[in-house]
Amino acid sequence: IKWRPLSDAKSLVNEDGYFCASFGRSTHAPDAIAFCDLAWTVADVTKELRAQIELTRKHLSWASHLSMHMGGLRSDPQFMAIIEMLAAEYDLALT
């Protein structure tokens, strides 16, 4: 069990309502659902990332950038378009 989303983004979570433990399939847990297995939607990704940015800005007003952290979706044009749109909207650098 990991984390739950801040929004009601149903396409981003497993059957228990949590984010997946990993982005891709793992040999350590071959039966576990990974994020890449989910049918995520642009609307849900946008909603959840916006909620995370808003919460961060509420408590850390000096936040300066968005981090791709593990970078799993850098190769997905739809995902990158969302990230670039939100970075521009919130005037945040993208690292």
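Residues numbered from 1 in each chain as written. Predicted model: local features only at pLDDT ≥ 70, side-chain atom pairs only at ≥ 80, totals over all residues. Heavy atoms only, no water.

Novice: Even after reading the chapter, I still don't get the packing of aromatic side chains, so can you show me in this structure?
Specialist: The description of an aromatic ring pair rests on the distance of the ring centres and on the angle between the ring planes. For the structure on display, the rule yields 1 aromatic pair. Note that Arg4 overlies the ring of Tyr18, its terminal NZ or CZ placed 4.0 Å from the centroid. (Phe/Tyr/Trp six-rings, centres within 6.5 Å; stacked < 30°, edge-to-face > 60°. Lys NZ or Arg CZ within 6 Å of the ring centre and 35° of its normal.)

Novice: Would you explain the packing of helix 1 (residues 42-59) against helix 2 (residues 77-89) in this entry?
Specialist: The geometry of a pair of packed helices is captured by two quantities: the angle between their axes and the separation between those axes. Axis separation between helix 1 and helix 2 bottoms out at 10 Å; the angle between their running directions is 35 degrees. Read as a crossing pair, helix 1 and helix 2 show a hand that is right-handed. Within the contact between the two elements, helix 1 uses Val42, Val45, Thr46, Leu49, Arg50 and Ile53 and helix 2 uses Gln78, Phe79, Ile82, Ile83, Met85, Leu86 and Glu89. Of the residues in the contact of helix 1 with helix 2, the class split is 9 nonpolar, 2 polar and 2 charged. (Axes fitted to C-alpha atoms, helices over the stretch in contact; angles between N-to-C directions. Helix = DSSP H or I, 4+ residues; strand = E, 2+ residues; numbered from the N terminus. Left-handed = near helix turned anticlockwise from the far one by under 90°. Contact = heavy atoms within 4.5 Å. Nonpolar A, V, L, I, M, F, W, Y, C, P; charged D, E, K, R; others polar.)

Novice: Would you mind going over the pattern of salt bridges with me for this structure?
Specialist: Two side chains carrying opposite charge are able to pair once their charged atoms lie near each other. Applying the stated criterion across every chain, the model contains 3 salt bridges. When the shortest N-O distance is used, the salt bridge between Lys47 and Asp8 registers 2.8 Å. Here Lys47 is found in helix 1, whereas its partner Asp8 is found in the segment before helix 1, with 39 residues between them in sequence. We classify Lys47 as partly exposed; its relative accessible area is 35%. A salt bridge links Lys47 to Asp44; the nearest nitrogen and oxygen atoms lie 3.7 Å apart. With a gap of 3 residues between them, Lys47 and Asp44 both fall in helix 1, about one helical turn apart. A cluster of three or more residues bridged by salt bridges with shared partners is formed by Asp8, Asp44 and Lys47. (Salt bridge = Lys/Arg side-chain N within 4 Å of Asp/Glu carboxyl O. Buried < 20%, exposed > 50% of the residue type's maximum accessible area, 1.4 Å probe, protein only.)

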